[in-house]
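Chain by chain, the residues run as shown.
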Amino acid sequence: METTKKTEKKFDAVKMMREIRDKVSSETQNMSFEELEKYLKKEIAESKLKPIGQ
């Protein structure tokens, strides 16, 4: 039986996604809906990303 060599990842998308999710969760955990909406609008404006469907 042939064994496969495990290569080291240069970029781990799952790890990055978890780090981003944890950061956002900790920043927004006690926010009201209005505060969360303001936070998201600010983050989108600063990132210059265009939300899907707009």
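Note that this is a predicted model, so its numbers are computed, not measured.

## So, the environment of Glu46
Next, step 1: Examined against the element boundaries, Glu46 turns out to sit in helix α2 (residues 33-47).
Next, step 2: Taking the relative accessible area as the measure of exposure, Glu46 reaches 52% and is therefore exposed.
Next, step 3: For the pair formed by Glu46 and Thr7, sequence separation is 39 residues and the distance between their alpha carbons is 36 Å.

## What about the pattern of salt bridges?
Next, step 1: The final tally for this structure, using the stated rule, is five salt bridges.
Next, step 2: Between Asp22 and Arg21 there is a salt bridge; the shortest N-O distance is 3.7 Å.
Next, step 3: The class for Arg21 is partly exposed, based on a relative accessible area of 43%.
Next, step 4: Put simply, Lys42 and Glu43 hold a salt bridge, and the shortest N to O gap is 3.8 Å.

## As for the layout of surface pockets
Next, step 1: As a volume, the largest pocket reaches approximately 210 Å³.
Next, step 2: Residue lining of the largest pocket: Ile20, Lys23, Val24, Tyr39, Leu40, Glu43, Ile44, Ser47 and Leu49, and that is the complete set.
Next, step 3: Only α1 (13-28) and α2 provide two or more residues apiece to the lining of the largest pocket.
Next, step 4: The leading source of residues in the lining of the largest pocket is α2, at five residues.
Next, step 5: Looking at the lining of the largest pocket, its residues break down into six nonpolar, one polar and two charged.

## Topic: the side chain of Thr28
Next, step 1: Looking at where Thr28 falls in the secondary structure, it is placed in helix α1.
Next, step 2: Among the residues examined, Thr28 registers a relative accessible area of 15% and is labelled buried.
Next, step 3: Polar side-chain contacts of Thr28 include one of 2.8 Å to the backbone oxygen of Val24.
Next, step 4: What Thr28 contacts, discounting residues up to four positions off in sequence, is Leu36 and Tyr39.

## Digging into α1
Next, step 1: Here α1 is 16 residues long and its end C-alpha atoms lie 22 Å apart, about the 22 Å a rise of 1.5 Å per residue gives.
Next, step 2: Where α1 starts, the residue carrying a side-chain oxygen 3.2 Å from the main-chain nitrogen of Val14 turns out to be Asp12.

Conventions adopted
In this convention, every chain numbers its residues from 1, walking through the sequence in written order. Per-residue local features are limited, in this predicted model, to residues with pLDDT of at least 70; the limit for side-chain atom pairs, both in listing and counting, is 80 or more; totals at the level of whole chains, interfaces and linings are taken over all residues. Side-chain descriptors were evaluated using all non-hydrogen atoms of the structure, hydrogens and water having been removed beforehand. For the purposes of this entry, the term helix denotes a DSSP run of H or I that reaches at least four residues, the term strand denotes a run of E that reaches at least two, and both are numbered from the N terminus. Remark: exposure states derive from per-residue accessible area (1.4 Å probe, protein chains only) relative to the maximum for the residue type, with buried under 20%, exposed over 50%, and partly exposed in between. Take a side-chain nitrogen of Lys or Arg and a carboxyl oxygen of Asp or Glu: if they are within 4 Å of each other, that pair is a salt bridge. Using only the protein atoms, space was sampled on a 1 Å grid; points where a 1.4 Å probe fits but cannot get out form cavities, open sets with protein on both sides within 12 Å along at least five of seven lines form pockets, and lining residues are those with an atom within 4 Å of a point. Grid points are joined across faces, edges and corners, and a volume is the space filled by probe spheres set on the points. Amino acids outside the nonpolar list (Ala, Val, Leu, Ile, Met, Phe, Trp, Tyr, Cys, Pro) and the charged list (Asp, Glu, Lys, Arg) are all regarded as polar, and Gly is one of them. We call two N or O atoms a polar contact when they sit within 3.5 Å, provided that within protein one can donate a hydrogen and the other can accept it, with sequence-adjacent residues counted only if both atoms are side-chain atoms. Any two residues having at least one pair of non-hydrogen atoms within 4.5 Å are treated as being in contact. By definition here, a helix of n residues has an expected span of 1.5 Å times n minus one.

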